[in-house]
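Residue strings, one per chain:
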Amino acid sequence: MKTIKLLLTSIVFIFLFTGCFSNSSVTLNPKPNPNLEFRDYEANQKLYNQLLAHYKQWKGVRYKYGGTTKRGVDCSAFVQNAYRNAFKIRIPRTTKLQSQVGQEIGMADLQIGDLIFFKTGYKTRHVGIYIGGGEFMHASTKVGVTISSLDNPYYIKQIWKIQRIFN
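With respect to topology, six strands assemble into an open sheet ordered S3-S8-S4-S5-S6-S7, the strand pairing being antiparallel. Two strands bound the open sheet, and with one partner strand each, they are strand S3 (103-105) and strand S7 (144-149). Within the sheet, the average angular offset between the axes of one strand and its neighbour, ignoring direction, is 35°. Pairing geometry for strand S4 (residues 115-119) and strand S5 (residues 125-132), over five bridges, is antiparallel. Within S5, the residue paired with Ile 116 across the bridge is Gly 128. On top of the sheet, helix H3 (residues 75-87) reaches S4, S5, strand S6 (135-140) and S7; it is set at about 35° to S5, its chief contact.

Below, the structure is given as structure tokens:
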């Protein structure tokens, strides 16, 4: 009976909240695809370490629409900042413009550093950076800068497109 009640409570929770979620059981280890064509394991490890170092500096910073600082940041500003600081690559400020940079790829080709875009509303978009192991870092409207799992049903069905900025 407790299991059924827990299951029903979980389902209700998923339907009630439409903003960004955080996965509390985050594993911060990259799990590179063994069939990599573009990068080898060492390159993936380096990208992961650069992204994780950036994440640690911003972890928990609250979400603020239009924000660009540690007093409040939105998803596209966080991604822009991560690319500039971790990779020394300048990308546009807005989610719309970021979604037009690089090469669109499929989910099966997802690699560390790729941008994942979500349709979270009729005209609303969200962006995060894939860090490996089925996880991405982003600025969530609910919990601020965090790492979430693509296994989360909310995120997996909201994926709009994936862009690779560099090979």
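So that's the structure; there's more coming.
Moving on: the confidence of the model for the chain. Averaged over every residue, the pLDDT of the chain is 82; residues scoring 70 or more account for 77%. Scored below 50 in pLDDT, residues 2-37 makes 47 contacts in the model with residues more than four places away or belonging to other chains.

Let us now look at the packing of aromatic side chains. Per the counting criterion, the structure on display carries nine aromatic pairs. An angle of 35° between the planes, with centres 5.2 Å apart, marks the rings of Phe 118 and Phe 136 as tilted. A residue pair is termed long-range when its members are at least 10 positions apart, and Phe 118 in strand S4 and Phe 136 in strand S6 qualify at 18 residues. Centre to centre, the rings of Phe 136 and Tyr 155 are 5.0 Å apart; their planes meet at 85°, and the pair counts as edge-to-face. In this pair, Phe 136 is assigned in strand S6 and Tyr 155 in helix H5 (residues 153-158), connecting sequence segments 19 residues apart. Every member of this aromatic cluster is reached through a ring pair, and the members are Phe 118, Phe 136, Tyr 154 and Tyr 155. The aromatic ring of Trp 160 is capped on one face by Arg 125, whose charged end is 5.0 Å from the ring centroid. Here the guanidinium or amino end of Lys 161 rests over the ring plane of Trp 160, the centre of that ring lying 5.4 Å away.

Thresholds, definitions, all that
Residues numbered from 1 in each chain as written. Predicted model: local features only at pLDDT ≥ 70, side-chain atom pairs only at ≥ 80, totals over all residues. Heavy atoms only, no water. Pairing = 2+ DSSP bridges. Helix = DSSP H or I, 4+ residues; strand = E, 2+ residues; numbered from the N terminus. Axes fitted to C-alpha atoms, helices over the stretch in contact; angles between N-to-C directions. Contact = heavy atoms within 4.5 Å. pLDDT = per-residue confidence, 0-100. Phe/Tyr/Trp six-rings, centres within 6.5 Å; stacked < 30°, edge-to-face > 60°. Lys NZ or Arg CZ within 6 Å of the ring centre and 35° of its normal.

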